[in-house]
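Inside the fold
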Amino acid sequence: MSQKNIIETGNSYGIKTDIPSYPPPAGSTSGPGGSTSTLKDAMHKAVREAERAAHAYAADCEIGEERTWAFEVFERIRLATRR
């Protein structure tokens with residue numbers, strides 16, 4: 001995957017991720033009719049980063065409804081790619 005296909009994102013927790021842009025540019029081997037393993041790997045990486053950010057946020061919340069809600073969101077993200 002070329003460097004110009006990467007979107008660099010960050011958040012207030014200092015977590016940086018490299019998420020491939022979608023749809024892939026013309027001539028790419030990813031996407032419809034091509035290899036999807038690159039996109040699948042990128043999705044799993046993004047889910048792991050979201051999981052880390054959600055846990056960091058939930059752990060930072062004070063005890064109460066918001067913390068409970070944040071950990072519920074974290075759990076949904078954690079289980080998103082599990083079978």
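Residues numbered from 1 in each chain as written. Predicted model: local features only at pLDDT ≥ 70, side-chain atom pairs only at ≥ 80, totals over all residues. Heavy atoms only, no water.

**Examining the overall build of the protein chain**
Under the convention used in this document: Every helix listed is a DSSP run of H or I at least four residues long, and every strand listed is a run of E at least two residues long, numbered separately from the N terminus. Burial status follows relative accessibility: with a 1.4 Å probe on protein chains alone, a residue under 20% of its type maximum counts as buried, one over 50% as exposed, and anything between as partly exposed. Whether two residues are in contact is decided by their heavy atoms: any pair within 4.5 Å suffices. Using the Shrake-Rupley algorithm and a 1.4 Å probe, accessible areas are obtained, with residue cover drawn only from the displayed protein chains.
Secondary structure assignment for the protein chain yields two helices and two strands. Secondary structure elements in the protein chain, listed N-terminal to C-terminal, are β-β-α-α. With 83 residues in all, the protein chain has 20% of them scored as buried. Sequence-distant contacts, at least 24 apart, represent 30% of the contacts inside the protein chain between residues at least 6 apart. Put simply, the protein chain shows about 6,200 Å² of open surface, and 53% of that area lies on carbon and sulfur atoms.

**Looking at the pattern of salt bridges**
Here is the rule we go by: We define a salt bridge as a contact between a side-chain nitrogen of Lys or Arg and a carboxyl oxygen of Asp or Glu at a distance within 4 Å.
For the structure shown, the criterion picks out two salt bridges. In this structure, Glu49 and Arg52 form a salt bridge, with 2.9 Å as the shortest nitrogen-oxygen distance. On the criterion of helical spacing, the pair formed by Glu49 and Arg52 is a turn pair, its members being three residues apart in helix α1 (residues 37-60). Taking the shortest distance from any N to any O, the salt bridge between Glu75 and Arg78 comes out at 2.7 Å.

**Re the confidence of the model for the protein chain**
The test is simple: The predictor reports its confidence for every residue as pLDDT, a score running from 0 up to 100.
Scored by pLDDT, the protein chain comes out at a mean of 75, with 58% of its residues at no less than 70. Within the protein chain, helix α2 (residues 65-79) carries the highest mean pLDDT (95), whereas strand β1 (residues 6-9) carries the lowest (46). Below a pLDDT of 50 lies the segment residues 1-9, which in the model reaches 21 contacts outside its immediate sequence neighbourhood of four places, other chains included.

**A closer look at the environment of His55**
With respect to the element layout, His55 can be found in helix α1. Its relative accessible area of 36% is what places His55 among the partly exposed residues. For the pair formed by His55 and Arg78, sequence separation is 23 residues and the distance between their alpha carbons is 9.4 Å. Setting aside residues no more than four positions away along its own chain, His55 makes contact with Phe71 and Phe74.

**Quick look at the packing of α1 against α2**
This is how it is decided: In this analysis an axis means a line fitted to C-alpha atoms, helices contributing only their contacting stretch, and an angle means the value between N-to-C directions, from 0 to 180 degrees. In this scheme, roughly parallel covers angles under 35 degrees and roughly antiparallel covers those over 145, while 65 to 115 is roughly perpendicular and the rest are oblique. Handedness of a helix crossing follows the sense of rotation of the near helix relative to the far helix, less than a right angle counterclockwise being left-handed and clockwise being right-handed. When residues are grouped by polarity, Ala, Val, Leu, Ile, Met, Phe, Trp, Tyr, Cys and Pro land in nonpolar, Asp, Glu, Lys and Arg in charged, and all others, Gly among them, in polar.
With their axes 9 Å apart at the nearest point, α1 and α2 run at an angle of 165° to one another. By the criterion of interaxial angle, the relationship of α1 to α2 is roughly antiparallel. Here α1 runs over α2; the crossing is left-handed. Between α1, through Val47, Ala50, Glu51, Ala54, His55, Tyr57, Ala58 and Ala59, and α2, the contact on the second element is made entirely by Glu66, Arg67, Trp69, Ala70, Phe71, Phe74, Ile77 and Arg78. The residue inventory of the contact of α1 with α2, partitioned by class, reads eleven nonpolar, one polar and four charged.

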